[in-house]
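This is what each chain is made of:
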Amino acid sequence: MSLLVRALSATAICVALTVGASAEDIQERTIRWGHLNNTDHPVSAGVQKFAEILLAKSGGKMKVREFAASQLGNELQQQSALRGGTQEMLSASTTSLATVVPEFGLIDFPFIVKTIEQADALGTGKFGTSMLDTLPPKGLIGLGYWGLGFRNVTNSTRPITKVEDFNGLKLRVIPNPVYLETFGSFKANPVPMAFGELYSALETRTVDGEENPFTVILSNKFYEVQKYVSATNHTFTLNIILVSKAFWDKLSPTEQRLMREAYEESRGYQKEQTRLQTEKALSELQAKGMQYNTVAPEELDRMRKTAQPVVDKIAASLKPDAVKLFNDELDRIRKDVK
């Protein structure tokens, strides 16, 4: 046998052994992934893309089963299930993570970014990655962030064109100090309420309005019980892609690598779906009869200044090094990212 043939044969054997070892490192698994959104939402599109990529990379062995629309409970219940090892994955708001690591609440501060690109840069930059590093001791692994879009106010009483228009409105908000105190500073009457109770509360006028991305407003048919939608763009909602650490620790290094690759390769698709579906959702909300208005930049700046004491108060209660990194990152992003 010639040296060339021997060399080629040896290379083939090494490749075969490597492939064989990798195949043995991948087990048959069904991964339950829960989230709050309906299956027509950009989060669901991201889950499906992740599942498709992971299935292909694992040779059909690692399957994702999606549980949309709060089938596995609210975010805190699902978060607890991940920490206890009875659920494998969850795409959760940074708001719910603030109950575990309070510094995640910084991402919910109002008017910190103006574009999707700036929000994306916050998640992928030093601050976002440092926050993911806080999760393993809490029983969670964070693969990264997905964007859901800017949150905007709807209500059944009047359009919001200036901060004074919030006066007296009963608005459902996420049960979180940032949201409660921000809308309190606008002299609204913020009402903390679970998302699953919201449609009924709007229908019965228990609350006058709420705030969510356009895609959530459309997907949950809030246009049936709300008249006005105002582009306040007060917060950009980021979801964290979470994996149960108890489950993660059972995975082989190969399986962990495939999970991370599936996240990275699905991230751009999910971001594009958020952009496309946000534009489509706004058009459909108007077509279904909602009255839409923008808010003048100077009025948005007044809202930001009104909420600033809330930001300062809550920031003072958090770890100073995390707050400094957050503010440094915002300064960089506002300068470098449009």
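Note that this is a predicted model, so its numbers are computed, not measured. (Residues numbered from 1 in each chain as written. Predicted model: local features only at pLDDT ≥ 70, side-chain atom pairs only at ≥ 80, totals over all residues. Heavy atoms only, no water.)

**Comments concerning the overall build of the protein chain**
Keep this limit in mind: Counting from the N terminus, the helices are DSSP H or I runs at least four residues long and the strands are E runs at least two residues long. The globule rule used here is 2.2 Å times the number of residues to the 0.38 power, and the radius of gyration it is set against is calculated over C-alpha atoms. Accessibility here uses a 1.4 Å probe with only protein chains present; expressed as a share of the type maximum, an area under 20% marks a residue as buried, one over 50% as exposed, and anything in between as partly exposed. We call two residues in contact whenever any of their non-hydrogen atoms come within 4.5 Å of each other. Areas reported here follow the Shrake-Rupley algorithm with a probe of radius 1.4 Å; residue values treat only the protein chains shown as occluding. Positive residues here are Lys and Arg, negative ones are Asp and Glu, while His and the chain termini are left out of the count. Where a charge lies is defined by one atom per residue type: Lys uses NZ, Arg uses CZ, Asp uses CG and Glu uses CD.
When helices and strands are counted, the protein chain shows 13 helices and 9 strands. A compact globule built from 338 residues should have a C-alpha radius of gyration of about 20 Å, and the protein chain, at 22 Å, falls within 12% of that. Principal-axis analysis of the C-alpha atoms gives the protein chain an extent of 85 × 40 × 35 Å. Looking at the protein chain as a whole, 51% of its 338 residues qualify as buried. Within the protein chain, contacts between residues separated by at least 24 positions form 75% of all contacts whose residues are at least 6 apart in sequence. Total accessible area on the protein chain stands at roughly 15,200 Å², and carbon and sulfur atoms take up 54% of it. Mean positive and mean negative side-chain charge positions of the protein chain (40 and 39 charges, respectively) differ by 1 Å.

**So, helix H7 (residues 177-185)**
Under the convention used in this document: Here, the arc refers to the directions that run from the helix axis to the C-beta atoms. N or O atoms within 3.5 Å of each other form a polar contact, as long as, within protein, one can give a hydrogen and the other can take it, and as long as residues adjacent in sequence are counted only when both atoms are side-chain atoms.
For H7, every residue scored as buried is listed here: Val178, Tyr179, Thr182 and Phe183. For H7, the angular spread of the buried residues around the axis is 110°, confining them to a single face. The N-cap residue of H7 is asparagine 176: its side-chain oxygen and the backbone nitrogen of valine 178 are 2.7 Å apart. Within two residues after H7, lysine 187 carries a phi angle of roughly 70°, on the positive side.

**Remarks on empty space enclosed by the protein**
Here is the rule we go by: Detection works on a 1 Å grid of protein atoms alone, calling trapped sets that fit a 1.4 Å probe cavities and calling open sets with protein on both sides within 12 Å along at least five of seven lines pockets, with lining residues defined by an atom within 4 Å of a point. Grid points are joined across faces, edges and corners, and a volume is the space filled by probe spheres set on the points. Residues are grouped as follows: Ala, Val, Leu, Ile, Met, Phe, Trp, Tyr, Cys and Pro are nonpolar; Asp, Glu, Lys and Arg are charged; all remaining types, including Gly, are polar.
A full pass over the atoms with the stated rule returns 2 cavities of 30 Å³ or more. Every element with two or more residues in the lining of the largest cavity is listed here: helix H5 (116-124) and strand S8 (228-244). Taken together, the residues of the lining of the largest cavity break down into 7 nonpolar, no polar and no charged. The calculated volume of the second largest cavity comes to roughly 30 Å³. If you trace the second largest cavity, you find it lined by Ser93, Thr94, Thr95, Asp108, Arg151, Ile174, Tyr179, Thr237 and Leu238. Listing elements by their share of the lining of the second largest cavity, those giving two or more residues are helix H4 (94-97) and S8. Residue classes in the lining of the second largest cavity are distributed as 3 nonpolar, 4 polar and 2 charged.

**Let's talk about the pattern of salt bridges**
Short version of the rule: Salt bridge, as used here: a side-chain nitrogen of Lys or Arg that lies within 4 Å of a carboxyl oxygen of Asp or Glu.
By the definition in use, this model includes 22 salt bridges. Of the charged contacts in the structure, one is a salt bridge between glutamate 88 and arginine 32, with a shortest N-O distance of 2.7 Å. Within this pair, whereas glutamate 88 is found in the loop between helix H3 (75-84) and strand S3 (89-93), its partner arginine 32 is found in strand S1 (residues 29-34), the two being separated by 56 residues in sequence. In this structure arginine 32 comes out as partly exposed when scored by relative accessible area, which is 31%. In this structure, lysine 280 and glutamate 284 form a salt bridge, with 3.8 Å as the shortest nitrogen-oxygen distance. Here lysine 280 and its partner glutamate 284 are both found in helix H11 (residues 253-287), 4 residues apart, which amounts to about one turn of the helix. Counted as one network, the salt bridges with shared partners bring together Lys57, Arg257, Glu261 and Glu265.

**Details of the layout of surface pockets**
For the largest pocket, the calculated volume is near 740 Å³. Lining the largest pocket we find 35 residues, and of these Glu75, Ser93, Thr95, Ile174 and Pro175 sit closest to its centre. Elements that contribute at least two residues to the lining of the largest pocket include exactly H3, S3, H4, strand S4 (140-155), H7 and S8. Each residue belonging to the lining of the largest pocket can be placed in one class, and the counts come to 16 nonpolar, 16 polar and 3 charged. In this structure, the second largest pocket occupies an estimated 560 Å³ of space.

**Re the pairing of S8**
Worth spelling out the cut-off: Two strands pair if DSSP finds at least two bridges between them.
Across the 17 residues that make up S8, a large majority, 16, are buried. As defined by bridge partners, S3 adjoins S8 across 5 bridges and the pair is classed as antiparallel. Within S8, the position partnered with alanine 92 by the bridge is isoleucine 240. By the bridge criterion, 13 bridges tie S4 to S8 in an arrangement that is antiparallel.

**Overview of the side chain of serine 58**
Along the chain, the position of serine 58 falls in the loop between helix H2 (42-57) and strand S2 (62-67). In this structure the side chain of serine 58 is engaged in a polar contact, spanning 3.3 Å, whose partner is the backbone nitrogen of lysine 61. Apart from the residues lying within four places of it in its own chain, the contact partners of serine 58 are Ile26 and Leu258.

**Observations regarding the packing of aromatic side chains**
Stated formally: When two rings of Phe, Tyr or Trp (its six-membered ring) have centres within 6.5 Å they constitute a pair, described as stacked for plane angles under 30 degrees, edge-to-face for angles over 60, and tilted for the intermediate range. Placement of a positive charge over a ring is assigned whenever Lys NZ or Arg CZ falls within 6 Å of the ring centre and within 35 degrees of the normal to the ring plane.
Tallied over the full model, the rule gives 11 aromatic pairs. Ring centres 5.7 Å apart and planes at 85° place the aromatic pair phenylalanine 183 and phenylalanine 186 in the edge-to-face group. What makes phenylalanine 186 buried here is its relative accessible area of 4%. These aromatic residues form a ring-pair network of at least three members: Trp33, Phe50 and Trp146. Positioned above the aromatic ring of tyrosine 269 is the side chain of lysine 49, whose terminal nitrogen or guanidinium carbon lies 4.7 Å from the ring centre.

**So, the packing of H5 against helix H13 (residues 320-336)**
Formally: Only the stretch in contact is used when a helix axis is fitted, and all axes are lines through C-alpha atoms; the angle between N-to-C directions ranges over 0 to 180 degrees. Comment on the angle field: the value is read as roughly parallel under 35 degrees, roughly antiparallel over 145, roughly perpendicular from 65 to 115, and oblique elsewhere. Each crossing gets its hand from how the near helix is turned against the far one by less than a right angle, where anticlockwise is left-handed and clockwise is right-handed.
Packing of H5 against H13 brings their axes to within 10 Å, and their N-to-C directions diverge by 140°. In terms of axis orientation, H5 runs oblique to H13. In this structure, H5 crosses over H13, and the sense of that crossing is right-handed. Facing H5, whose interface residues are Gln118, Ala121 and Leu122, H13 presents Phe326, Glu329, Leu330, Arg332, Ile333 and Arg334. In terms of residue class, the contact of H5 with H13 is made up of 5 nonpolar, 1 polar and 3 charged.

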